[in-house]
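# Structure at a glance
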Amino acid sequence: MRYMDDTVVMKRMTKRITANKVWKTLFFLATTFALVTLAVLLYRIVTQGIDYLNIDFLMNFASRFADKAGIKAALIGSLWLMAVVAPVSIILGVGTAIYLEEYAKKNRINDFIRMNISNLAGVPSIVFGLLGLTIFVRMMGLGKSILAAGFTMSLLILPVIIVAAQEAIRAVPNEQREASYGMGATKWQTILRVVLPAAIPGILTGSILALSRAIGETAPLVVIGIPVILQFLPNGLLSQFTALPMQIYDWAKRPQEAFQYVAAAGILVLMTVLLLMNSIAIYIRNKFQKRY
Amino acid sequence: MVSQKEDKTSSVQQLIANSRNQKTKKIVEKAMPALLFSAAIISILTTFGIVFTLIFETFEFFKRVSITDFLFGTKWLPFSGNEPLFGILPLIAGTLKVTLIAVVVAVPFGIASAIYLSEYASEKTRRTVKPILEVLAGVPTIVYGFFALTFVTPILQEIVPGLKLFNALSPGIVVGIMILPMITSLSEDAMSSVPNSMREGALALGATKFEVAIKVVLPAALSGIVASVVLAISRAIGETMIVSLAGGSTPKFDLNVTDSIQTMTAYIVQVSTGDAGYGTTIYYSIYSVGFTLFIFTLVMNLLAHYISKRFREVY
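What counts and what doesn't
In this convention, every chain numbers its residues from 1, walking through the sequence in written order. To label them, take the chains in the order written and letter them from A, then take the ligands in the order written and number them from 1. Only residues with pLDDT of at least 70 are given local features in this predicted model, and only at 80 or more are side-chain atom pairs given and counted; all residues enter the totals for whole chains, interfaces and linings. As a rule here, side-chain values come from all non-hydrogen atoms in the structure, and water together with hydrogens is ignored. Numbering of helices and strands runs from the N terminus; a helix is a DSSP stretch of H or I covering at least four residues, while a strand is a stretch of E covering at least two. With the radius of gyration taken over C-alpha atoms, the globule rule is written as 2.2 Å times the number of residues to the power 0.38. Relative accessible area decides the class of each residue, using a 1.4 Å probe on protein chains only: under 20% of the type maximum gives buried, over 50% gives exposed, and in between gives partly exposed. Whether two residues touch is decided by their heavy atoms; if any such pair falls within 4.5 Å, the residues are in contact. Areas reported here follow the Shrake-Rupley algorithm with a probe of radius 1.4 Å; residue values treat only the protein chains shown as occluding. Two parts placed together each lose some accessible area under a 1.4 Å probe, and adding up what both lose gives the buried area. Basic side-chain nitrogens of Lys or Arg form a salt bridge, by our definition, when they fall within 4 Å of a carboxyl oxygen of Asp or Glu. In the analysis that follows, any N or O atom pair within 3.5 Å is treated as a polar contact, provided that within protein one partner can donate a hydrogen and the other can accept it, and provided that, for residues neighboring in sequence, both atoms belong to side chains. Polarity classes work like this: nonpolar for Ala, Val, Leu, Ile, Met, Phe, Trp, Tyr, Cys and Pro, charged for Asp, Glu, Lys and Arg, and polar for all others, with Gly in that last group. Multiplying 1.5 Å by the helix residue count minus one yields the expected span of that helix. Relevant arc is that of directions from the helix axis to the C-beta atoms, nothing else. For our purposes a nonpolar core is just a set of buried Ala, Val, Leu, Ile, Met, Phe, Trp, Tyr and Cys residues, chained together by side-chain atoms within 4.5 Å. Geometry is summarised by axes, namely lines fitted to C-alpha atoms with helices restricted to the contacting stretch, and by angles between N-to-C directions that run from 0 to 180 degrees. What sets the label is the angle itself: under 35 degrees gives roughly parallel, over 145 gives roughly antiparallel, 65 to 115 gives roughly perpendicular, and the rest give oblique. Each crossing is labelled by how the near helix is turned from the far one, with a counterclockwise turn of less than a right angle marking it left-handed and a clockwise turn marking it right-handed. Pairs were defined over the aromatic rings of Phe, Tyr and Trp, the Trp ring being its six-membered one, requiring ring centres within 6.5 Å. Orientation was assigned from the angle between planes: stacked under 30 degrees, edge-to-face over 60, tilted for the rest. A ring is considered to have a charge above it if a Lys NZ or an Arg CZ atom is located within 6 Å of its centre and within 35 degrees of its normal. pLDDT is a residue-level measure of predictor confidence that goes from 0 to 100.

### Digging into the overall build of chain B
When helices and strands are counted, chain B shows 13 helices and 2 strands. Taken over C-alpha atoms, the radius of gyration comes to 27 Å for chain B, far larger than the 20 Å a tight globule of 315 residues would show. Summarising its shape, the C-alpha atoms of chain B cover approximately 90 × 65 × 40 Å along the three principal directions. Taking all 315 residues of chain B together, the buried fraction comes to 49%.

### Structural notes on the overall build of chain A
Helix and strand counts for chain A come out as 11 helices and 0 strands. Starting at the N terminus, the α and β elements of chain A follow one another as α-α-α-α-α-α-α-α-α-α-α. Relative to its length of 292 residues, chain A is extended, with a C-alpha radius of gyration of 25 Å against a globular reference of 19 Å. Once the C-alpha set of chain A is aligned to its principal axes, its extents read approximately 90 × 65 × 35 Å. Residue pairs at least 24 apart in sequence account for 75% of intrachain contacts in chain A once pairs closer than 6 positions are excluded. Accessible area for chain A stands at about 14,400 Å²; split by element, carbon and sulfur atoms hold 64% of it.

### Description of the interface of chain A and chain B
With 69 residues of chain A in contact, the opposing surface of chain B contributes 73 residues. Carbon and sulfur atoms make up 78% of the surface buried where chain A meets chain B, a total of about 6,500 Å² over both sides. Our count for the chain A to chain B interface comes out at 1 salt bridge. The shortest N-O distance in the salt bridge between A:R16 and B:E211 comes to 2.8 Å. Remark: the boundary between chain A and chain B carries 13 residue pairs in polar contact (both at pLDDT 80 or more). With 19 residues, helix α1 (residues 6-49) of chain A is the largest single contributor of residues to the side of chain A that touches chain B. When grouped by side-chain class, the residues that make up the side of chain A that touches chain B number 46 nonpolar, 16 polar and 7 charged.

### Here's the deal with the pattern of salt bridges
The tally for this structure, following the rule as stated, stands at 17 salt bridges over all chains. A salt bridge links A:D111 to A:R114; its shortest N-O distance comes to 3.9 Å. Note that A:D111 and A:R114 are positioned in helix α4 (residues 108-120) at a spacing of 3 residues, about one turn of the helix. Its salt-bridge partner being B:E123, residue B:R127 comes within 3.7 Å of it at the nearest N-O pair. With B:R127 and B:E123 both in helix α5 (residues 123-138) and 4 residues apart, the pair spans about one turn of that helix. Taking relative accessible area as the criterion, B:R127 reaches 62% and is therefore assigned exposed. Within this structure, B:E123, B:R126, B:R127, B:K130, B:E188 and B:D189 form a network of salt bridges that share partners.

### Quick word on α5(B)
Since there are 3.6 residues in each turn of an α-helix, residues three or four apart along the chain are aligned in direction. Across its 16 residues, α5(B) extends 23 Å between first and last C-alpha, which sits within 8% of the 22 Å expected from 1.5 Å per residue. Those residues of α5(B) lying buried are B:V129, B:L133 and B:L136. Burial along α5(B) is one-sided: seen end-on, the buried residues are contained in an arc of 50°. Facing away from the buried surface of α5(B) by more than 90 degrees, the exposed residues are B:K124 and B:R127. Where α5(B) is buried, its residues touch α1 of chain A together with α4 (89-120), α6 (141-159) and α7 (169-192) of chain B.

### Looking at the nonpolar core
Among the nonpolar cores identified, the biggest contains 186 residues, and B:I50, B:V143, B:Y144 and B:Y267 are the most heavily contacted of them. The residues contacting B:I50, other than those within four sequence positions of it, are A:L120, A:V123, A:V127, A:F128, A:L131 and B:F294.

### Overview of the packing of helix α11 (residues 258-288) of chain A against α6(B)
Orientation of α11(A) relative to α6(B), taken along the N-to-C sense of each, is 150°, at an axis distance of 11 Å. Between α11(A) and α6(B), the angle falls in the class roughly antiparallel. Judged by the sense of rotation from one axis to the other, the crossing of α11(A) with α6(B) is left-handed. Here A:Q260, A:A263, A:A264, A:I267, A:L270 and A:M271 of α11(A) come into contact with α6(B), specifically with B:I142, B:V143, B:F146 and B:T150. Looking at side-chain class alone, the contact of α11(A) with α6(B) contains 8 nonpolar, 2 polar and no charged residues.

### Topic: the packing of aromatic side chains
Applying the stated criterion across every chain yields a total of 23 aromatic pairs over all chains. Through a chain of ring-to-ring contacts, the aromatic side chains of A:W23, A:F27, A:F28, B:Y116, B:Y120 and B:F210 assemble into a single cluster. Here the basic side chain of A:R254 rests over the ring of A:F259, its NZ or CZ set 4.8 Å away from the ring centre.

### Side note on helix α6 (residues 146-170) of chain A
With 25 residues, α6(A) extends 34 Å between its outermost C-alpha atoms, agreeing within 8% with the 36 Å of an ideal straight helix rising 1.5 Å per residue. The element α6(A) is largely enclosed, with a buried count of 20 among its 25 residues.

### Regarding the side chain of A:T31
When you line up the elements, A:T31 lands in helix α1. Judged by its relative accessible area of 5%, A:T31 is buried. Polar contacts involving the side chain of A:T31 include one to the main-chain carbonyl oxygen of A:F27, which spans 2.9 Å. Those residues in contact with A:T31, other than ones at most four positions away along the chain, are B:S113, B:Y116, B:L117 and B:V129.

### A word on the packing of α6(A) against helix α8 (residues 187-216) of chain A
Residues and elements named next belong to chain A. As a packed pair, α6 and α8 sit with axes 8 Å apart at the nearest point and diverge in direction by 150°. In terms of orientation, α6 lies roughly antiparallel with respect to α8. At the point where α6 passes α8, the crossing takes the right-handed sense. Touching M153, L156, I157, V160, I161, A164, A165, A168 and I169 of α6 are V195, A199, G202, I203, G206, S207, A210, L211, R213 and A214, all from α8.

### Things to note about the confidence of the model for chain B
Residue and element names in this part refer to chain B. Residues at a pLDDT of 70 or more form 96% of chain B, whose mean pLDDT is 89. Looking at the elements of chain B, mean pLDDT is at its lowest for helix α1 (residues 2-8), recorded as 50, and at its highest for α4, recorded as 95. Overall, residues 1-5 carries pLDDT values under 50, and its contacts beyond four positions in sequence, including any with other chains, amount to 0 contacts. With a pTM of 0.90, the predicted complex shows an ipTM of 0.90.

### Details of the side chain of B:T46
Inspection of the secondary structure assignment puts B:T46 in helix α2 (residues 12-64). Those residues in contact with B:T46, other than ones at most four positions away along the chain, are A:L120, A:F128, A:L131 and A:L155.

### Re the environment of B:L245
Position of B:L245 among the secondary structure elements: in helix α11 (residues 241-246). When near neighbours in sequence (up to four residues on either side) are disregarded, B:L245 contacts A:Y249, A:A252, A:K253, B:I142, B:G145, B:F146, B:L149 and B:F166.

Now the structure itself:
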């Protein structure tokens, strides 16, 4: 029997332990890369945009002159857009999720719906823009209106909301449903009074995150042909409008350097809105989500 | 209090009234599934809408431009007056250049940080880093595009000689940063779901953490990791605003990454922001490009789905 040679073992061990340490550092640096990028991105935009960000910027309409350009039409337009997207996408999304989780039997149609939703989630947003342009703008004759853009955005974020709502509904333990049936409640009563209230925090969190994606999404709006330089506010759902990302896109691609700062200021407004929405979502998640 | 309670216990009359209510109840019970089903149908209609729109308008396009010219043409010059050329290869080349650069950036960094988070980091670190990655994933692409154009490109111009203001390199890198959180988070999920007993077995045999990560966890989670990469590629192919801000609008069929390019998505944006009249060949061309893009991403998504299903290890 050969005994292990201590010196050889020690030599190999040191090598392996060093390799472990080196790689650990490399992995750590890779992780910090993402964090540093985020920090640099935020720092750049804040330093570029903060000087332009003032009450005038929020209260002015778009302008050909950088120092007069404002974001009022875009900010209000984005709010109008959300007023369409939020109800439409949440009602359709939660409805679909309830159907899939509570009613759908295992058959071909329902399997197809499930597969279809996961595929829709991977369709590029610009393709949704083409869909919106053809169906809502041209075929339904809605024009480049809030309604047309709102429907397009709703369809775009629908898969996200459905998946979030499905997870929230699935997390409600079956004992609660059984208890409700045991008390003589019907299926719909159980869903409405037991399952949904328990699932609402999860549904809301997912919906807010999906809506914040809709606020930042630019490509579908560009394809639909949402105008940028508007000197009026929308006065109804069929009215023309512009939105925050559209306005930023327009400023960012202008050749004059001054507009870079205006674009940065616009991004600050957009990011503030997003941050606000995300913190609401996180607050709801932490405060109301129950673990069974 | 007592009298109220007595009111609530059902008398015979109330039972009769209740049974009348049963009727409306029954209607609701029957109507709701149908109503909810119609909501679920919307998502199918959306898919049909997308597919039919793209097919119909692309069909219209192929009445004017031959399919072979479209598929194999190496020149994309839709705006050149009398003799426009519609060969999609330059747009595909632009898209693939950006995607490739993005993958080169995102895959090593993404998988490395996934390994760090799942194998080395403490629970606390993981809990802080993951939400930050979520923020990175939630940054609108228009912001990334602005970042690429005004920050990354000028820096790269200092390093890479002859780099144009619009190029493939800068948007490629930034698209890589955009898809990075997706790879990290999905790969981390895959690696975290490898059972601890496997790690402990390897550690007990004297393996270092690095050896455990590379030789045990990585192979076990490989299908999830590959699927995350394929999904990220699909996202990179369909990315629009970064490439149309920082990539330029010169479709070229070559391998140069320092020159201005055009991707499929950027072309659609260029036409949409210009004045291509309804019914013109250029108008229909955005659908043919959109259709090509759709096919590319669909294949990627199905592939990712297949990989994660087919090769999923069950513990």
